[in-house]
Number of protein chains: 4
Amino acid sequence: MIIIMSSSATTAQIARVVERVERDKLDVHISQGEERTIIGVVGDDRHIDRRQYIAYNGVEQVVPILKQYKLVSRVFQAANTTVDVGSATFGTDKIELIAGPGAIESEAQILNIAQTVKALGATVLQGGAFQARSSPYGFQGLGEQALKYLQSAGKEAGLATITAVNATAQVEMIADYVDMLQIGASNTQNYALLKAVGKLKTPVLLRRGKSIKIEELLMAAEYILAEGNPNVILCERGIRTFETYTNNTADINAIPLLKQLSHLPVLFDPSEATGQWNLVTPMALAAVAAGADGLMVQVHSDPQEALSDGAQSLKPDAFAELVTQVRAVAAAVSRQ
Amino acid sequence: MIIIMSSSATTAQIARVVERVERDKLDVHISQGEERTIIGVVGDDRHIDRRQYIAYNGVEQVVPILKQYKLVSRVFQAANTTVDVGSATFGTDKIELIAGPGAIESEAQILNIAQTVKALGATVLQGGAFQARSSPYGFQGLGEQALKYLQSAGKEAGLATITAVNATAQVEMIADYVDMLQIGASNTQNYALLKAVGKLKTPVLLRRGKSIKIEELLMAAEYILAEGNPNVILCERGIRTFETYTNNTADINAIPLLKQLSHLPVLFDPSEATGQWNLVTPMALAAVAAGADGLMVQVHSDPQEALSDGAQSLKPDAFAELVTQVRAVAAAVSRQ
Amino acid sequence: MIIIMSSSATTAQIARVVERVERDKLDVHISQGEERTIIGVVGDDRHIDRRQYIAYNGVEQVVPILKQYKLVSRVFQAANTTVDVGSATFGTDKIELIAGPGAIESEAQILNIAQTVKALGATVLQGGAFQARSSPYGFQGLGEQALKYLQSAGKEAGLATITAVNATAQVEMIADYVDMLQIGASNTQNYALLKAVGKLKTPVLLRRGKSIKIEELLMAAEYILAEGNPNVILCERGIRTFETYTNNTADINAIPLLKQLSHLPVLFDPSEATGQWNLVTPMALAAVAAGADGLMVQVHSDPQEALSDGAQSLKPDAFAELVTQVRAVAAAVSRQ
Amino acid sequence: MIIIMSSSATTAQIARVVERVERDKLDVHISQGEERTIIGVVGDDRHIDRRQYIAYNGVEQVVPILKQYKLVSRVFQAANTTVDVGSATFGTDKIELIAGPGAIESEAQILNIAQTVKALGATVLQGGAFQARSSPYGFQGLGEQALKYLQSAGKEAGLATITAVNATAQVEMIADYVDMLQIGASNTQNYALLKAVGKLKTPVLLRRGKSIKIEELLMAAEYILAEGNPNVILCERGIRTFETYTNNTADINAIPLLKQLSHLPVLFDPSEATGQWNLVTPMALAAVAAGADGLMVQVHSDPQEALSDGAQSLKPDAFAELVTQVRAVAAAVSRQ
């Protein structure tokens, strides 16, 4: 951390800051410029609140040097983390495919989709049981019954399973049914929930919320690792910007950047990131070309009758086409 | 809802959409233009997923006409809702002041601040017990012990109390200690939590998340009212934009707009909305001039030593100055 | 400027950066931490491109210390700049009012509005002659003829005049007709235009573009001052965010912030900043409460028939009401 | 256009709107719902200001149905436009590469880079002569002298040339030196400039500004086509969002979307869209996978010594690697 004092800072103000740094058990390195004093703070300052220093009179700016995250960083662990879920291994050269409907609607629906996506190369089956809907009048999901359908469809089709967990009280119950837990975009900074899934060893797919900075996503992952669960997979699914043509703006920059900054696997969800089924395939290809380790795609046998996310779901034949093209692009960038 | 078919939509496609509308128990009104067909949907369509219609072939655009929210709207209830909390009544001509530290640090600290802000005109005491921190290494709050300090400080100073609730499992426990529950900005769309506080009658202060649209904030409030709790107060605390000089961009437009769209009281938090103590007072005045029903201000006896939010906290004398100026502006816009 | 080397930077890489700093005629102050080397650069580095240093191998981050702007800053000039335009003086305790229609439509229209707003307290008359429209099929303005109408309406009503200049080729011609030049929001970073108006002494109202950071706005003003024209007035008119209920998000935070950072007068345009006439008055009051030096308001005798900006224009009686309320709030914050 | 009247609209208010529609020479189709009246407006309403209707009392919302753009749309012209520039043809199956430095620094520098990028497969040489810098103290470019260097380097290396034009007064002069004109991101809505380049037949590369919506970009292109110049190429170069890790957020969604909405060629600039050289190649691959017709890449022989954009420029060997990988991905999506 570097503390930049204002040009009008007094000696007493500088001294008070120095005293605080020392109280925080860090070393001080003072640089007296012509116009202003700069206080270099030496040592690992991740445990303190750097913004706090702005409260001191005479401080103009506080510049962090160490990243706040540690366990998730490439500096801490150079090699890629791999996460095993059923027959899938995330974080290797192979592009893993998670597919399934927005909402689980019936036993037949999820089984049908499971068999379809399995045949086309998916290794994990997704499906919503407790929907996070912006309207209280929207379809809220079939709840625990849906989890039973998901579990049996996964078994029958030979797919691992994933569903979203939205509340701390549900974590254990849901973890009993599925192979992988999803933290949805509205919960990326739900710290109570992050801590709860951090206490398990079940793999966690952590989705970036629509206004979450890359650094904040990594800090959210740090919460889970700090609790003891190393099996975290990051997922970009679009951010909120001024553009209204698409539901979200896919932040493809984030994919190679996250791969540089962290050792965790990085997925992309082209369904949520666009909101329109006819953009899903080109964006899936873009993500793979940019270095994503896998994709999470909404597939529905009959999107027009879907109870959720029909607008952004692919029909089976469109998903088959996506898989074919993804394989070609993956090969072009030396992946499988 | 109006469904705009593309210029190349076929008769069969139009028929399939009409069939679905009728299945959704709504009436159809077809308008055949030169270039395209427009399907007017008549009736209350709040219970259906309008975006779903985009999944139909031939549909170009779906335009909602009814707002999705109902219970919170001015159309549903023309008169202002008032919410009583201790000696405070939110939603009247009087500007109510909530004040207190970011985090409760000790029994003495919160009692000291309580007495200070009470003397200066605040009617509700705020303080964090379970901090929502972006870093797992940051101060996480004193937990239930802090609630005890808050409760006794409130009693001693004659102030009602408010603290944030972050997890469904904590709702009842926290409600036993305080007069008012706060849903923080990272939980505006934590639907499980909204439903949980909706089941009580305890007043709820619902803060707008940093990427939450005004319509989504109203939908979040709708969740609480739909569960049976009418005592909801909205709070603008800044949104996330490209501007980096300030922590957040205060969306003052939202204040008069929310007052037009809804009957619920609207507060403003100038501490979070700016992130800098020296902008707090001018922004507090701006909010009152624009029609806010009250303010929520971070006050700390010694911001330099605060364990949280020191950079944006006012010292007691600065808070005293804020109160004086707020009273002058309130009088200028015919408020107390 | 502080240059933070990565933890893996070699001695040779550090040496090459130091060599470059010295070539840039600045002094170096090296700080060797446990993990990494930090290079403090001492001296006025405004003439160099700080981002350039990121191109050097081993550099992780470059942190500016000096603001890039100088002439516009409070540090350079502590006292408020005042700008005289006709009977108006911007930058004093008096709230100055600029008012008029989005577009000048006819001689009678602009004269009528001029007399109305003059009677209600405005001191400067605005009106568009060359409209900046997003559609080539929209009304493009009456051009030079409109300038003649504006000039004569201003003279007849006793008001100074302002209009927007959009192209370098027009600067001198337009400056012959009006007392003040406006740089519109789509031209805040049109550097050729900024240089052209900088060569005159005519007062310039510089509007913040919808995606312009506060620092960039100040740099745009610096362009004008650096060319020799000190008569610059800044104007906040809303920024582009994810919120779609309003056309723009009024960044009221920017008003007290700009007053702290710069000695230039700061205005607010509540018409553009909201896009809705029924939010204009509360937002005008908010801006004055927050410290704005004046307002720029769209007024039209018959907004329904306006050729531009009807949705956000006030009728004369609504403008009269705005003026009354602005005076009350101004008095409450010790302004006129 | 559909005009939605508020539920409290009176018969007189509806009549006044209808009268206005008819005055605008459009037909009316009234739909009387239970709660409110909806006025369908039939006919081509691109020539009118739809937002104007909001100024009418009783109007709640105005919904456009026709897109405002026409000439640039796929509906108007189904086949891809191709634009010939020297040996390059934009808009075919071949991925065209524009490459060169941010700024032209000397005759030797631009010639050297020209020969390098030519050898690696580029067909157009870019280089800045009049830099658009946010600081007046930054390097402003060598001006007309740079154009001479660019022209002769292009001739010698056998490359077409492109440079940015920033002011109307320069359009003809610059067009004499280069094969293609670039409208930079700060000028996307500089309508005077758009009209000026629209009067020529020289190909125009129109870059999307950092806060320009996709629809606004298409409207900007419409300005050029409407003036008579059909040779327009669109270029995505990143938008401004809350994310600060990267200079801009590459909006890759925009690439397939623009290809659907318009017949114009679409390029991508991975240098500006990321701001970091180590993200340039993965993002170039992403854009090609998503359907871009070409790339515009900053290349410099010695980025550390570049006078502009060094941080985001590729060295020749990195550019060579980019070209190899781009060819592989292009082949995977059936392009050259």
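Scroll up to find the structure this text is about.
The following paragraphs examine the structure supplied in this document. Everything quoted here is computed from the prediction, not taken from an experiment.

1. So, the interface of chain C and chain D
- Opposite the 54 residues of chain C that make contact, chain D presents 54 residues.
- At the boundary of chain C with chain D, total buried surface from both sides reaches about 4,600 Å², with 40% on carbon and sulfur atoms.
- Looking only at chain C, the three residues that lose the most surface to chain D are R51, Y137 and Q304 of chain C, adding up to 17% of its buried area.
- Connecting chain C to chain D are 10 salt bridges.

2. A closer look at the relation of the copies chain B and chain A
- The operation relating chain B to chain A is a screw motion whose rotation component is 180 degrees, with 0.0 Å of axial translation and a residual RMSD of 0.0 Å. Classification of the inter-copy transformation places it as that of a two-fold axis. For chain B, the residue whose C-alpha comes nearest the rotation axis is S211 of chain B, separated from it by 2.8 Å.
- Taken together, the interface assignments show that 100% of the residues at the interface of chain B recur at the interface of chain A, consistent with an identical surface on both copies.

3. Some remarks on the packing of helix 2 (residues 107-120) of chain C against helix 3 (residues 144-157) of chain C
Residues and elements named next belong to chain C.
- Running from N to C, helix 2 and helix 3 cross one another at 35 degrees; their axes reach a closest spacing of 9 Å. When you trace helix 2 past helix 3, the crossing you get is right-handed. Residues E107, I110, L111, A114, Q115 and K118 of helix 2 touch helix 3, and the partners they reach there are Y149, L150, S152, A153, E156 and A157.
- Looking at side-chain class alone, the contact of helix 2 with helix 3 contains seven nonpolar, two polar and three charged residues.

4. Concerning helix 7 (residues 254-261) of chain A
- With seven of eight residues buried, helix 7 of chain A is to be regarded as a mostly interior element.
- All of the buried residues in helix 7 of chain A are A254, I255, P256, L257, L258, K259 and L261 of chain A.
- Close packing links the buried residues of helix 7 of chain A with helix 6 (214-227), strand 12 (232-236), strand 13 (266-268) and helix 9 (277-290) of chain A together with helix 9 (277-290) of chain D.

5. Details of the packing of aromatic side chains
- For the coordinates displayed, the defined rule picks out eight aromatic pairs over all chains.
- Here Y53 of chain A and Y56 of chain A contribute two aromatic rings whose centre-to-centre distance is 5.9 Å and whose plane-to-plane angle is 25 degrees, an arrangement assigned as stacked.
- Overall, the relative accessible area of 2% leaves Y56 of chain A in the buried class.
- The positively charged end of R20 of chain D is found above the aromatic ring belonging to Y53 of chain D, 5.7 Å away from the centroid.

6. Things to note about the environment of Y149 of chain D
Residues and elements named next belong to chain D.
- Take Y149: it is sitting in helix 3 (residues 144-157).
- For Y149, a relative accessible area of 18% puts it in the buried group.
- On a C-alpha basis, the gap between Y149 and E105 in space is 9.1 Å, while along the polypeptide they are 44 residues apart.

7. Thoughts on the relation of the copies chain C and chain D
- Superposing chain C onto chain D requires a rotation of 180 degrees together with a translation of 0.0 Å along the rotation axis, leaving an RMSD of 0.0 Å.
- Both copies contact each other with a shared surface, as 100% of the interface residues of chain C are interface residues in chain D too.

8. Examining the interface of chain B and chain A
- With 54 residues of chain B at the contact, the number on the chain A side is 54 residues.
- Three residues, R51, Y137 and Q304 of chain B, lead the burial of chain B against chain A; their summed loss comes to 17% of the area buried on that side.
- The interface formed by chain B and chain A contains 10 salt bridges.
- At the surface where chain B touches chain A, the tally comes to 41 residue pairs in polar contact (both at pLDDT 80 or more).
- For the side of chain B that touches chain A, the secondary-structure elements that each account for two or more residues are helix 1 (11-23), helix 5 (191-198) and helix 6 (214-227) of chain B.
- In terms of residue count, helix 6 of chain B provides more of the side of chain B that touches chain A than any other element does, five residues in total.

9. Let's talk about the packing of helix 10 (residues 316-332) of chain B against helix 10 (residues 316-332) of chain C
- Running from N to C, helix 10 of chain B and helix 10 of chain C point in directions that differ by 165 degrees, and their axes come no closer than 8 Å. In terms of axis orientation, helix 10 of chain B runs roughly antiparallel to helix 10 of chain C. In this structure, the crossing between helix 10 of chain B and helix 10 of chain C has a hand that is right-handed. Where helix 10 of chain B approaches helix 10 of chain C, its residues A328, V329 and A332 of chain B are matched on the opposing element by A328, V329 and A332 of chain C.
- In terms of residue class, the contact of helix 10 of chain B with helix 10 of chain C is made up of six nonpolar, no polar and no charged.

10. Concerning empty space enclosed by the protein
- Scanning the entire structure with this criterion turns up three cavities of 30 Å³ or more.
- By volume, the largest cavity is sized at about 150 Å³.
- Together, 16 residues line the largest cavity, and T241 of chain A, R240 and T241 of chain B together with T241 and F242 of chain C are the ones closest to its centre.

11. Some remarks on the environment of A175 of chain D
Residue and element names in this part refer to chain D.
- In this fold, A175 is placed in helix 4 (residues 171-177).
- Judged by its relative accessible area of 18%, A175 is buried.
- In this structure the C-alpha to C-alpha distance between A175 and V165, which are 10 residues apart in sequence, comes to 8.8 Å.
- Setting aside chain neighbours within four positions, we find A175 in contact with L181, L200 and T202.

12. A word on the pairing of strand 9 (residues 160-164) of chain A
Residues and elements named next belong to chain A.
- Of all the five residues making up strand 9, five are buried; the element is thus mostly covered by neighbouring parts of the structure.
- What you see with strand 9 is no split at all: A160, I162 and A164 on one side and T161 and T163 on the other are buried throughout.
- Inspection of the sheet shows strand 8 (residues 124-126) paired to strand 9 by three bridges, in the parallel sense. Its bridge partner being in strand 9, L125 is matched across the sheet by T161.
- On the question of chirality, the crossover connecting strand 8 to the parallel strand 9 by way of helix 3 (residues 144-157) is right-handed.
- With three bridges connecting them, strand 9 and strand 10 (residues 180-183) associate as parallel partners. When the sheet's bridge partners are listed, T163 is paired in strand 10 with L181.
- In this fold, the crossover linking strand 9 to strand 10 by way of helix 4 (residues 171-177) has right-handed handedness.

13. A look at the nonpolar core
- Core analysis: the largest hydrophobic core is formed by 164 residues, its most contacted members being I252 of chain A together with I252 of chain D.
- Non-local contacts of I252 of chain A, meaning those with residues more than four positions away in its chain, are made with F268, M283, A286, A287 and A290 of chain A together with A250, I252, M283 and A286 of chain D.
- Core analysis: the next-biggest nonpolar cluster, separate from the first, contains 160 residues, L125, L159, L264 and A286 of chain B among them.

14. Focus on the pattern of salt bridges
- For the coordinates displayed, the defined rule picks out 77 salt bridges over all chains.
- For K259 of chain C, the salt bridge identified is with D293 of chain C, shortest N-O distance 2.7 Å. Taken together, the positions of K259 of chain C in helix 7 (residues 254-261) and D293 of chain C in the loop between helix 9 (277-290) and strand 14 (294-298) put the pair 34 residues apart, joining distant regions of the chain.
- With a relative accessible area of 16%, K259 of chain C lands in the buried category.
- By relative accessible area, D293 of chain C is classed as buried at 2%.
- Sharing partners across several salt bridges, the network here consists of R16, E19, R20, R23 and D24 of chain A together with E305 of chain B.

Conventions adopted
- Every chain is numbered independently, its residues counted from 1 as its sequence is written.
- Written order determines the labels here, with chains lettered from A and ligands numbered from 1.
- Whole-chain, interface and lining totals are the exception, using all residues; otherwise, since this is a predicted model, local features are given only for residues with pLDDT of at least 70 and side-chain atom pairs are given and counted only at 80 or more.
- To obtain the side-chain values, all non-hydrogen atoms of the structure were included, while hydrogens and water were left out.
- Throughout, a contact is declared for two residues whenever any of their heavy atoms are within 4.5 Å.
- When two parts are put together, the accessible area they lose, computed with a 1.4 Å probe and summed over both, is reported as buried area.
- For this analysis, a salt bridge means a side-chain nitrogen from Lys or Arg found within 4 Å of a carboxyl oxygen belonging to Asp or Glu.
- Residues reaching a pLDDT of at least 70 in both copies supply the C-alpha atoms on which the copies are superposed by least squares.
- Note on method: axes are straight lines fitted to C-alpha atoms, helices fitted across the in-contact stretch only, with angles between N-to-C directions ranging 0 to 180 degrees.
- By definition, any uninterrupted DSSP run of H or I lasting at least four residues is a helix, any uninterrupted run of E lasting at least two residues is a strand, and each is numbered from the N terminus.
- Handedness of each helix crossing follows the sense of rotation of the near helix against the far helix: counterclockwise by less than a right angle gives left-handed, clockwise gives right-handed.
- When residues are grouped by polarity, Ala, Val, Leu, Ile, Met, Phe, Trp, Tyr, Cys and Pro land in nonpolar, Asp, Glu, Lys and Arg in charged, and all others, Gly among them, in polar.
- Each residue is assigned to one of three classes by its accessible area relative to the maximum for its type, calculated with a 1.4 Å probe on protein chains only: buried under 20%, partly exposed between the two thresholds, exposed over 50%.
- Stacked, tilted and edge-to-face are the three classes assigned to paired rings of Phe, Tyr and Trp, where Trp is represented by its six-membered ring and a pair needs centres within 6.5 Å; plane angles under 30 degrees give stacked, over 60 edge-to-face, the rest tilted.
- Put simply, a charge is over a ring when the Lys NZ or the Arg CZ is close to the ring centre, within 6 Å, and near the line of the ring normal, within 35 degrees.
- Polar contact is the term for a pair of N or O atoms within 3.5 Å; when the atoms are in protein, one must be able to donate a hydrogen and the other to accept it, and sequence-neighboring residues count only if both atoms are side-chain atoms.
- Working definition: roughly parallel below 35 degrees, roughly antiparallel above 145 degrees, roughly perpendicular at 65 to 115 degrees, and oblique for all remaining angles.
- A 1.4 Å probe that fits but cannot get out identifies a cavity on a 1 Å grid over protein atoms alone, an open set with protein on both sides within 12 Å along at least five of seven lines counts as a pocket, and a residue lines either if it has an atom within 4 Å of a point.
- Grid points are joined across faces, edges and corners, and a volume is the space filled by probe spheres set on the points.
- Only strands joined by at least two bridges in the DSSP assignment are considered to pair.
- Here the term right-handed applies to a crossover when the path leading from its first strand over the helix to its second strand runs clockwise, the strands being oriented away from the viewer.
- The nonpolar core is taken to be a set of buried Ala, Val, Leu, Ile, Met, Phe, Trp, Tyr and Cys residues, with the residues joined through side-chain atoms within 4.5 Å.

Everything listed is a geometric property; what it means functionally is a separate question.
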